[in-house]
Amino acid sequence: KRNDNNNLFAGANSKMEKMMRLKRVKTTRLQLERGEWEGVNVVCTRNKRDTISYLIRMLETFQRNFDPRRPPTKTMREVKSHIDGQMKMPTFQEYLRQRRKSGIGVVKAMKVIM
């Protein structure tokens, strides 16, 4: 936990800035838990073993459902439509909103949405 806080506070110049970062993280976490971001699902696990088990089950499900003889194919129109849809998703919109703020570059904006 201590290393997570060190990464979170990298570049923070004051106690106030550290406190504001913690508030933003908490607010974002609560919004995710309440389902306020359309299209974003959150799975909360209480410990490392549960998380690992969950990820293994998801990987097994993916491998079971994937048929290498029939890869998914799309036309160029379908690819463009898919990309347009992804760009309208809340996560990408939040990224764009962050990028419009002064002093926020690509790295900071990605950290906010991740």
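Here goes a summary of the coordinates provided. Owing to the predicted nature of the structure, the values given are computational and were not obtained by experimental measurement. (Residues numbered from 1 in each chain as written. Predicted model: local features only at pLDDT ≥ 70, side-chain atom pairs only at ≥ 80, totals over all residues. Heavy atoms only, no water.)

### Re the overall build of the protein chain
Reasoning step 1: A count of helices and strands for the protein chain gives six helices and zero strands.
Reasoning step 2: Its C-alpha atoms give the protein chain a radius of gyration of 19 Å, clearly above 13 Å, the size a compact globule of 114 residues would have.
Reasoning step 3: Along the first, second and third principal axes, the C-alpha atoms of the protein chain reach 55 × 40 × 25 Å.
Reasoning step 4: Buried residues in the protein chain amount to 9% of all 114 residues.
Reasoning step 5: Intrachain contacts of the protein chain at a sequence separation of at least 6 include 8% that bridge at least 24 residues. (Helix = DSSP H or I, 4+ residues; strand = E, 2+ residues; numbered from the N terminus. Rg over C-alpha atoms; globule rule 2.2 N^0.38 Å. Buried < 20%, exposed > 50% of the residue type's maximum accessible area, 1.4 Å probe, protein only. Contact = heavy atoms within 4.5 Å.)

### Focus: the packing of aromatic side chains
Reasoning step 1: On inspection of all chains with the given rule, the structure shows one aromatic pair.
Reasoning step 2: Their ring planes at 25° and their centres at 5.9 Å tell us that F92 and Y95 sit as a pair that is stacked. You can see F92 and its partner Y95 sitting in helix α5 (residues 90-100), three residues apart, about one turn around the helix.
Reasoning step 3: Accessibility expressed as a relative area gives 28% for F92, which makes it partly exposed.
Reasoning step 4: By relative accessible area, which is 15% here, Y95 ends up buried. (Phe/Tyr/Trp six-rings, centres within 6.5 Å; stacked < 30°, edge-to-face > 60°.)

### Focus: the environment of T51
Reasoning step 1: Among the structural elements, T51 can be located in helix α3 (residues 48-65).
Reasoning step 2: Looking at T51, the relative accessible area reads 30%, which means it is partly exposed.
Reasoning step 3: It is 27 Å that separates the C-alpha atoms of T51 and V107, two residues lying 56 residues apart in sequence.

### Regarding the packing of α5 against helix α6 (residues 106-113)
Reasoning step 1: Interaxial distance between α5 and α6 falls to 9 Å at its minimum, and their mutual angle equals 140°. In terms of their interaxial angle, α5 and α6 are classed as oblique. As for how α5 packs across α6, the hand of that crossing is right-handed. Facing α5, whose interface residues are T91, E94, Y95, Q98 and R99, α6 presents V106, A109, M110, V112 and I113.
Reasoning step 2: Along the lines of polarity and charge, the residues of the contact of α5 with α6 split into six nonpolar, two polar and two charged. (Axes fitted to C-alpha atoms, helices over the stretch in contact; angles between N-to-C directions. Parallel < 35°, antiparallel > 145°, perpendicular 65-115°, else oblique. Left-handed = near helix turned anticlockwise from the far one by under 90°. Nonpolar A, V, L, I, M, F, W, Y, C, P; charged D, E, K, R; others polar.)

### Here's the deal with the environment of R24
Reasoning step 1: Along the chain, the position of R24 falls in helix α2 (residues 15-34).
Reasoning step 2: For the pair formed by R24 and R34, sequence separation is ten residues and the distance between their alpha carbons is 15 Å.

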